[in-house]
Amino acid sequence: MKEYSFTEARQNFASLLDEARQKGVVCIRKRNGEAFYVKPAITKESPLDIAGIDLQVTRNDIVDSVRKSRERFG
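Predicted, not measured: the structure shown is a model, and the values here were computed from it. (Residues numbered from 1 in each chain as written. Predicted model: local features only at pLDDT ≥ 70, side-chain atom pairs only at ≥ 80, totals over all residues. Heavy atoms only, no water.)

Caption draft 1: Just the overall build of the chain, in detail. Across its full length, the chain carries three helices and three strands. Ordered by position in the sequence, the α and β elements of the chain form the string β-α-α-β-β-α. The globule rule puts the C-alpha radius of gyration for 74 residues at 11 Å, and the 27 Å found for the chain is more than 25% above it. Of all 74 residues assigned to the chain, the portion counted as buried reaches 11%. (Helix = DSSP H or I, 4+ residues; strand = E, 2+ residues; numbered from the N terminus. Rg over C-alpha atoms; globule rule 2.2 N^0.38 Å. Buried < 20%, exposed > 50% of the residue type's maximum accessible area, 1.4 Å probe, protein only.)

Caption draft 2: Up close: the nonpolar core. Counting residues in hydrophobic clusters, the biggest one holds six residues: Tyr 4, Ala 9, Leu 16, Ala 20, Val 26 and Ile 28. Mapped onto this core, the elements with two or more residues apiece are helix H2 (13–23) and strand S2 (26–29). Those residues in contact with Ala 20, other than ones at most four positions away along the chain, are Val 25, Val 26, Val 38 and Pro 40. (Core = buried A, V, L, I, M, F, W, Y, C linked by side-chain atoms within 4.5 Å. Contact = heavy atoms within 4.5 Å.)

Caption draft 3: Inspection of a nonpolar patch on the surface at higher detail. Taken together, the side chains of Ile 53, Leu 55, Val 57, Ile 62 and Val 66 define a hydrophobic patch exposed on the protein surface, amounting to about 500 Å² of accessible area. Examined against the element boundaries, Ile 53 turns out to sit in the loop between strand S3 (35–38) and helix H3 (59–73). The exposure class of Ile 53 is exposed, given its relative accessible area of 71%. (Patch = residues over 30% accessible without salt bridge, like charges linked within 9 Å, V, L, I, M, F, W, Y side chains within 5 Å. Areas by Shrake-Rupley, 256 points an atom, 1.4 Å probe, with all protein chains shown as cover. Salt bridge = Lys/Arg side-chain N within 4 Å of Asp/Glu carboxyl O.)

Caption draft 4: Inspection of the sheet that holds strand S1 (residues 2–5) at higher detail. Here we have three strands laid out as an open sheet, ordered S1-S2-S3, and mixed in their pairing. Edge positions in the sheet fall to S1 and S3, since each of these pairs with one other strand and no more. Going across the sheet, the axis of each strand differs from the next one's by a mean of 25°, ignoring polarity. The pairing of S1 with S2 spans four bridges and is parallel. The partner of Tyr 4 across the bridge, within S2, is Ile 28. H2 rests against S1, S2 and S3 of the sheet, and its axis sits at about 140° to S2. (Pairing = 2+ DSSP bridges. Axes fitted to C-alpha atoms, helices over the stretch in contact; angles between N-to-C directions.)

Laid out in C-alpha cells, this is it:
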C-alpha cells in the first residue's frame, strides 16, 4: 500500500484517487502521525437488477395468454 504525506496527497489528489481505485487502498499520513485510508466505495447492486429483453409482446398478448390458461385449467 502506498503512503502519502498530507501535502503530497493534497497536491496529487486526482492521481491518489486513481491509485486507490487500482490498488484498493492508499494511506495519507499527517505530521502528527494520524493516518487515514482512502479506498473506493463498494457499490451495492441487486442480483435481480438485470437488463430487460424486448420480446415484442404487448400487454394484450400477455392478458390473452393468462385468460386462455385460466380457461383451460380453471
